[in-house]
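Structural overview for review
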Amino acid sequence: MIFRIIIFSCLFWIALFADALDEKIQNLIGINAYQLNKNFIERIFKDKESFYTDGRIDIQKLVTTLKDNGLLTLKFDEPSELAITFVSQTTPIFLTRSINSALSSMGYSYFVVSRAQYADNIAKITFSFATEHALDPGIIISELAKRGYLFTDIKRNSLFDWEYDIELTEPKLANAREIAPSTEPIEVTEVSGEYWFGITGSGNITITAKTPYWRPRIVLYDKNLQIINLISQNTPSSKITFSILNGIRFIMVSDIRNPAIIKNGIQVEFQEFE
């Protein structure tokens with residue numbers, strides 16, 4: 001009896017995996033393309049369980065397999081308006097900054113936020129732009145992985161309208177240098193005069209500018225880029241020391257009046273509390 005229950009349970013989960021994977025393939029390539037290539041698709045995805053990780057579809061492996069086998073259509077017949085919606089449990093400002101950075105890295109420079117919603121700690125942002133093809137899911141997944149996101153689902157509403165569900169697992173900023181408490185100071189240079197750092201740990205930070213005319217402006221953020229504190233100083237100086245407490249994930253260092261004042265570089269020393 002127990003053996004039969006185990007067999008039934010295994011068959012149930014195999015069928016469930018198969019149905020979910022087939023539905024996702026149909027959604028991504030379209031029902032017509034699915035029916036036309038059904039036999040080919042069955043051969044490619046005969047080991048359905050290998051396309052699952054921790055009980056859910058491995059989206060990156062799925063889209064890569066579809067693309068490598070010529071089944072994922074991304075090219076438009078002519079330049080068209082593309083809408084891409086990203087949904088994640090984070091703040092709109094952090095999600096928007098992440099997507100802006102990822103799209104720029106992919107070579108997209110002209111895009112707008114056409115719709116934005118935020119409710120129950122879920123941000124939903126739609127980006128629109130004119131292009132000749134849909135985003136390559138494999139590339140956008142890789143770019144956002146660099147920024148701490150895990151893809152949980154992709155929905156193709158049409159060739160011109162896609163939705164990505166993503167999970168922020170480890171908040172990162174593409175232009176932020178990660179620093180942790182250490183006895184060794186680091187030196188960085190940024191032509192814009194705006195320095196971003198990712199912070200791990202707590203302690204005292206001392207920042208020294210290569211100019212005595214610096215008027216510090218330092219913004220402390222949490223993991224969702226919500227401002228925790230703002231430190232500013234009107235009196236010119238070359239050095240400032242302040243504390244980093246738990247809950248602070250990013251800091252931005254600049255100048256109150258003119259960021260270019262510190263474009264030649266700063267030295268940062270981060271030491272743990274004694």
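This structure is a prediction, so every number in the text was calculated from the model and none was measured.

**A few points about the nonpolar core**
With 54 residues, the main nonpolar core has F86, W162 and Y164 as its most contacted residues. For this core, the element with the highest residue contribution is helix α5 (residues 92-105), accounting for five residues. Those residues in contact with F86, other than ones at most four positions away along the chain, are L95, I99, A123, K124, I125, F127, I140, L144, Y164 and I166. Counting 23 residues, the second largest nonpolar core, distinct from the first, contains V188, W214, I248 and I262.

**Here we look at the packing of aromatic side chains**
If you walk through the whole model with that rule in mind, you get eleven aromatic pairs. Where F111 meets F129, the ring centres are 6.4 Å apart and the plane angle is 65 degrees; that geometry is what we call edge-to-face. Remark: F129 occurs in strand β5 (residues 122-133) and F111 occurs in the loop between α5 and β4 (112-119); sequence separation between them is 18 residues. For F111, a relative accessible area of 19% gives the class buried. Taking 5.5 Å as the distance between ring centres and 85 degrees as the angle between the ring planes, the aromatic pair formed by F151 and Y164 counts as edge-to-face. Here F151, found in strand β6 (residues 149-158), pairs with Y164, found in strand β7 (residues 161-168); they are 13 residues apart in sequence, far enough to count as distant. Through a chain of ring-to-ring contacts, three or more aromatic side chains come together here, namely F86, Y108, F111, F127, F129, F151 and Y164. Of note, K61 hangs over the ring of F51, and the distance from its end group to the ring centre comes to 4.8 Å. Lying across the ring of W196, R97 places its NZ or CZ 4.3 Å from the centre.

**Observations regarding α5**
Look at α5: 20 Å from first C-alpha to last across 14 residues, which is about the 20 Å you get at 1.5 Å a residue. Looking at α5, one finds that the buried residues are F94, L95, T96, S98, I99, A102 and L103.

**Comments concerning the pairing of strand β11 (residues 203-209)**
In terms of burial, β11 is largely enclosed, as five of its seven residues are buried. By the bridge criterion, seven bridges tie β11 to strand β16 (residues 266-272) in an arrangement that is antiparallel. Residue I205 lies in a different strand from β16, and its bridge partner there is F270.

**Comments concerning the sheet that holds β4**
The five strands lie next to each other as β4-β5-β3-β7-β6, forming an open sheet whose pairing is mixed. With partners counted over all chains shown, the strands left at the sheet margins are β4 and β6, one partner each. Mean inter-strand twist for the sheet, computed between neighbouring axes without regard to direction, equals 20 degrees. Looking at chain direction, β6 and β7 are connected through eight bridges and run antiparallel. Its bridge partner lying in β7, D153 is registered against D165.

**Thoughts on the pattern of salt bridges**
Counting across every chain of the model gives eleven salt bridges. For K146, the salt bridge goes to E143, with nearest N and O atoms at 3.2 Å. According to the relative accessible area criterion, E143 is buried, its value standing at 12%. Of the charged contacts, one joins E187 and K210 as a salt bridge, the two residues approaching to 3.7 Å between their closest N and O atoms. One end of the pair, E187, is in strand β9 (residues 186-188); the other, K210, is in the loop between β11 and β12 (216-221), and 23 residues separate them in sequence. Here K210 falls in the exposed class, since its relative accessible area comes to 54%. One salt-bridge network, in which partners are shared between bridges, spans E143, K146 and R147.

**Topic: the side chain of R215**
With respect to the helices and strands, the residue R215 is situated in the loop between β11 and β12. In this structure R215 is buried but unpaired, with D255 as the nearest side chain of opposite charge at 5.8 Å.

**As for the confidence of the model for the protein**
Residues at a pLDDT of 70 or more form 93% of the protein, whose mean pLDDT is 90. Counting interchain partners and residues more than four positions distant, the pLDDT-below-50 stretch residues 3-17 has five contacts.

**Thoughts on helix α6 (residues 137-145)**
Looking at α6, one finds that the buried residues are P137, G138, I140, I141, E143 and L144. Buried residues in α6 make contact with α4 (59-68), β3 (75-88), α5, β6 and β7. Near the N-terminus of α6, the side chain that reaches the backbone nitrogen of G138, with its oxygen 2.9 Å away, is that of D136.

Rules used in this analysis
Residues numbered from 1 in each chain as written. Predicted model: local features only at pLDDT ≥ 70, side-chain atom pairs only at ≥ 80, totals over all residues. Heavy atoms only, no water. Core = buried A, V, L, I, M, F, W, Y, C linked by side-chain atoms within 4.5 Å. Buried < 20%, exposed > 50% of the residue type's maximum accessible area, 1.4 Å probe, protein only. Helix = DSSP H or I, 4+ residues; strand = E, 2+ residues; numbered from the N terminus. Contact = heavy atoms within 4.5 Å. Phe/Tyr/Trp six-rings, centres within 6.5 Å; stacked < 30°, edge-to-face > 60°. Lys NZ or Arg CZ within 6 Å of the ring centre and 35° of its normal. Expected span 1.5 Å × (residues − 1). Pairing = 2+ DSSP bridges. Axes fitted to C-alpha atoms, helices over the stretch in contact; angles between N-to-C directions. Salt bridge = Lys/Arg side-chain N within 4 Å of Asp/Glu carboxyl O. Lys, Arg positive; Asp, Glu negative; His and termini not counted. pLDDT = per-residue confidence, 0-100. Polar contact = N/O pair within 3.5 Å; in protein donor to acceptor, adjacent residues only side chain to side chain.

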